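# Structural overview for review
Okay, here's what each chain looks like letter by letter:
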Amino acid sequence: MHCSKCGSLEDKVIDSRLSKDGRSIRRRRECVQCAHRFTTYEEIERADLRVVKRDGRSEPLSKQKLLGGMIKACEKRPVSVEVLEKAAEEIVQELETEFRREIPSNVIGAKVMDKLHQLDEVAYVRYASVYRHFQDIGEFLEEIQSLERRPKRSVSQPELFK
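This write-up is about the structure you can find in this document. Computed from a prediction, not measured in an experiment: that's the story for all the values here. (Residues numbered from 1 in each chain as written. Predicted model: local features only at pLDDT ≥ 70, side-chain atom pairs only at ≥ 80, totals over all residues. Heavy atoms only, no water.)

### Regarding the overall build of the protein
The helix and strand tally for the protein stands at five helices and six strands. Helices (α) and strands (β) of the protein occur, in sequence order from the N terminus, as β-β-β-β-β-α-α-β-α-α-α. Going through the 162 residues of the protein one by one, you find that 30% of them count as buried. If you take every contact in the protein between residues at least 6 apart in sequence, the share linking residues at least 24 apart comes to 43%. Carbon and sulfur atoms provide 51% of the accessible area of the protein, an area that totals close to 11400 Å². (Helix = DSSP H or I, 4+ residues; strand = E, 2+ residues; numbered from the N terminus. Buried < 20%, exposed > 50% of the residue type's maximum accessible area, 1.4 Å probe, protein only. Contact = heavy atoms within 4.5 Å. Areas by Shrake-Rupley, 256 points an atom, 1.4 Å probe, with all protein chains shown as cover.)

Encoded structure:
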């Protein structure tokens, strides 16, 4: 690890601990040459998952792109970015356990809509309108009416049977 002050490769680890989410290790380091202290984080290297688009194209799975869509859907809604980051991380973890290499984009969209439905119904409808390509107001009304019929599952109460 290069020191950000002097560029030396010689450093020593002063402290190591799990990060708040428990998915990475936070290390405090000190440069042996200039005594500058800095923090690094270690994470498990994830498999390269690819998203297969509707038109057959394939691209790497991007947690940032997934999170960006969720943030846009929740714009001006009472949902914090921290909650959305946690939801995006949960989606990525689910995808990693369910798929080996390639994930159809419709699976990702369905998982995002499920999370948004739990968090904020307005954000859910916003995301669904883009994802499902609503063409007219009738499709919006249908989706809103289906929301009224569907029970809202609490984030704190996991689904018992799948």
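After presenting the structure, the write-up continues.
### Examining the pattern of salt bridges
For the structure on display, the rule yields 15 salt bridges. Measuring nitrogen to oxygen at the nearest pair gives 3.1 Å for the salt bridge that ties Lys111 to Glu94. Taken as a pair, Lys111 in helix H3 (residues 105-119) and Glu94 in helix H2 (residues 81-98) lie far apart in primary sequence, 17 residues in all. Its relative accessible area of 15% is what places Lys111 among the buried residues. Each of Lys86, Glu90, Glu94, Glu98, Lys111 and Lys115 takes part in one network of salt bridges that share partners. (Salt bridge = Lys/Arg side-chain N within 4 Å of Asp/Glu carboxyl O.)

### Points about helix H1 (residues 63-73)
Turn by turn, an α-helix covers 3.6 residues, leaving residues three or four places apart pointing in a common direction. What H1 keeps buried is the set Leu66, Leu67, Met70 and Ala73. Along the long axis of H1, the arc covered by the buried residues comes to 120 degrees, so they all point the same way. Turned more than 90 degrees from where H1 packs its buried face, Gln64, Lys65 and Lys72 sit exposed. Considering only its buried residues, H1 is in contact with H2, H3 and helix H4 (121-131). (Arc of directions from axis to C-beta.)

### Some details on the packing of H1 against H3
Contact pair H1 / H3: the axes reach a minimum separation of 11 Å and the direction vectors enclose 40 degrees. With respect to each other, H1 and H3 are oriented oblique. Two packed elements cross with a definite hand, and for H1 against H3 that hand is right-handed. In this structure, H1 contributes Leu66, Met70 and Ala73 to the contact, and H3 contributes Ile108, Val112, Lys115 and Leu116. Grouping the constituent residues of the contact of H1 with H3 by class yields six nonpolar, no polar and one charged. (Axes fitted to C-alpha atoms, helices over the stretch in contact; angles between N-to-C directions. Parallel < 35°, antiparallel > 145°, perpendicular 65-115°, else oblique. Left-handed = near helix turned anticlockwise from the far one by under 90°. Nonpolar A, V, L, I, M, F, W, Y, C, P; charged D, E, K, R; others polar.)

### Focus on H2
The first and last C-alpha atoms of H2 sit 26 Å apart over 18 residues, in line with the 26 Å expected at 1.5 Å per residue. Here H2 has its buried residues at Leu84, Ala87, Ala88, Glu89, Ile91, Val92 and Leu95. Residues of H2 that are buried in the fold lie against H1, strand E6 (102-104) and H3. (Expected span 1.5 Å × (residues − 1).)

### Points about the pairing of strand E3 (residues 37-43)
Bridging between strand E2 (residues 24-31) and E3 involves seven bridges; their strand directions are antiparallel. Among the inter-strand pairings, Ser24 is bridged to a residue of E3, identified as Glu43. Counting the residues in the hairpin turn of E2 and E3 gives five residues, including Ala35, whose phi is positive at 70 degrees. (Pairing = 2+ DSSP bridges.)

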